[in-house]
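Structure assessment
Each chain is listed here by its residues.
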Amino acid sequence: MAELKHLPSTSSVDSILEVLERDAGVIIDNVVNFDFLVELNEELNPFLSSDNLGRDEFTGFKTNRIGALIARSKKCRELALNKLINETATQYLKPYCDGYQLHFTSAVSIGPGESSQILHRDRGIWGGYLPRKVEPLLSTIWAINEFTKANGATQIVPGSHKWDKNRQPLENEIAFAEMEAGSVLIYTGTVLHGGGENTTKNITRTGVFLHYAVNWIRQQENQYLSCPPDIAKHLSPELKSLIGYSKGGYVLGFYSDPYDNEARFESVSPENMFSKSKDRFSEIPDPKDLVNDSIK
Ligand SMILES: O=C(O)CCC(=O)C(=O)O
Ligand SMILES: [Fe+2]
């Protein structure tokens, strides 16, 4: 039976990267405590308790999903900025970008009687246009309650990020992300995985999904609509930048204020919407370097 490696929350980034390189999935145990989860539940329950069941087999007829977690939950903001996760994302995505962004937020509650989700690779959201040699995603699933094989723990196929796309796993090649509440599964955009079957009578499995993608790609969840400027202005500069109120390159992601006729906010970084602080792309580069560095 395939198994996922568990590491303690005191692990080094290098030890996490080593497992990710081999398996493309790893569990970090007990990162946040019980009190943290109580508050998180209080923030999410009003939204999760209304009926947001999936409308197809992929999203699950007995599975509730909600997004906009940065706007809706202070505790999710803390999770999104978790130091160990962000240091791991920086190192893991470094070969493919010079920065990354929060790409997707969702709380997923798999209810009793849900069947298992088809195994898939999350990079598929971009329609298969990205060459396999680029890994665009590093994702997390935070266990809000205990994940067990019975209640729908995520299925993961360790090592399948290196497989040919048509290879299907044998049953004993599928691992289940069983973990205690407060632990986190880290997995890549190319590993085969899917929600598990929930065979329990009355236990709902809830995970908070926070996915990080290279900064030059379209985000799965439109953060500017899920967390519009009037909410984003209350976030820390670091978090605003992480969700996309920043540029991803010298001219990538700028904005112009449609009401500004004094040339104050013309072709500027979204950071200017909130403060005058300069972003890391505001230095005017030498055009030769700009052109040269833009093609690998
Ligand atoms: O709920 C889960 O454990 C996994 C869900 C998933 O992979 C997805 O919806 O893309
Ligand atoms: Fe998925």
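See the structure above.
The rules behind the values
Residues numbered from 1 in each chain as written. Chains lettered and ligands numbered in written order. Predicted model: local features only at pLDDT ≥ 70, side-chain atom pairs only at ≥ 80, totals over all residues. Helix = DSSP H or I, 4+ residues; strand = E, 2+ residues; numbered from the N terminus. Rg over C-alpha atoms; globule rule 2.2 N^0.38 Å. Buried ≥ 20, exposed ≤ 12 C-beta atoms within 10 Å, placed from the backbone. Contact = placed C-beta atoms within 7 Å. Core = buried A, V, L, I, M, F, W, Y, C linked by C-beta atoms within 7 Å. Axes fitted to C-alpha atoms, helices over the stretch in contact; angles between N-to-C directions. Parallel < 35°, antiparallel > 145°, perpendicular 65-115°, else oblique. Left-handed = near helix turned anticlockwise from the far one by under 90°. Nonpolar A, V, L, I, M, F, W, Y, C, P; charged D, E, K, R; others polar.

Moving on, we come to the overall build of the protein. Along the protein, the regular secondary structure elements total 9 helices and 10 strands. The C-alpha radius of gyration computed for the protein amounts to 20 Å, which stays within 12% of the reference 19 Å derived for 296 residues, consistent with globular compactness. Principal-axis analysis of the C-alpha atoms places the extent of the protein at approximately 65 × 40 × 40 Å. In the protein, which comprises 296 residues, the proportion classed as buried is 40%. Taking as baseline every contact in the protein between residues at least 6 positions apart, the subset at least 24 positions apart corresponds to 77%.

This part covers the nonpolar core. The biggest cluster of nonpolar side chains holds 59 residues, and the ones touching the most others in it are Ala 177, Leu 185, Ile 186 and Val 208. Setting aside residues up to four positions removed in sequence, Ala 177 forms contacts with Leu 4, Ile 27, Ile 141, Phe 147, Ala 153, Thr 154, Ile 156 and Leu 185.

This part takes up the packing of helix α1 (residues 13–23) against helix α5 (residues 83–93). Where α1 meets α5, the closest approach of the two axes is 10 Å, and the angle between their N-to-C directions is 55 degrees. Comparing the axis directions of α1 and α5 gives the class oblique. Remark: the crossing between α1 and α5 carries right-handed chirality. Where α1 abuts α5, its residues Val 13, Ile 16, Leu 17 and Leu 20 lie against Glu 87, Thr 88, Gln 91 and Tyr 92. Its residues placed into classes, the contact of α1 with α5 shows 5 nonpolar, 2 polar and 1 charged.

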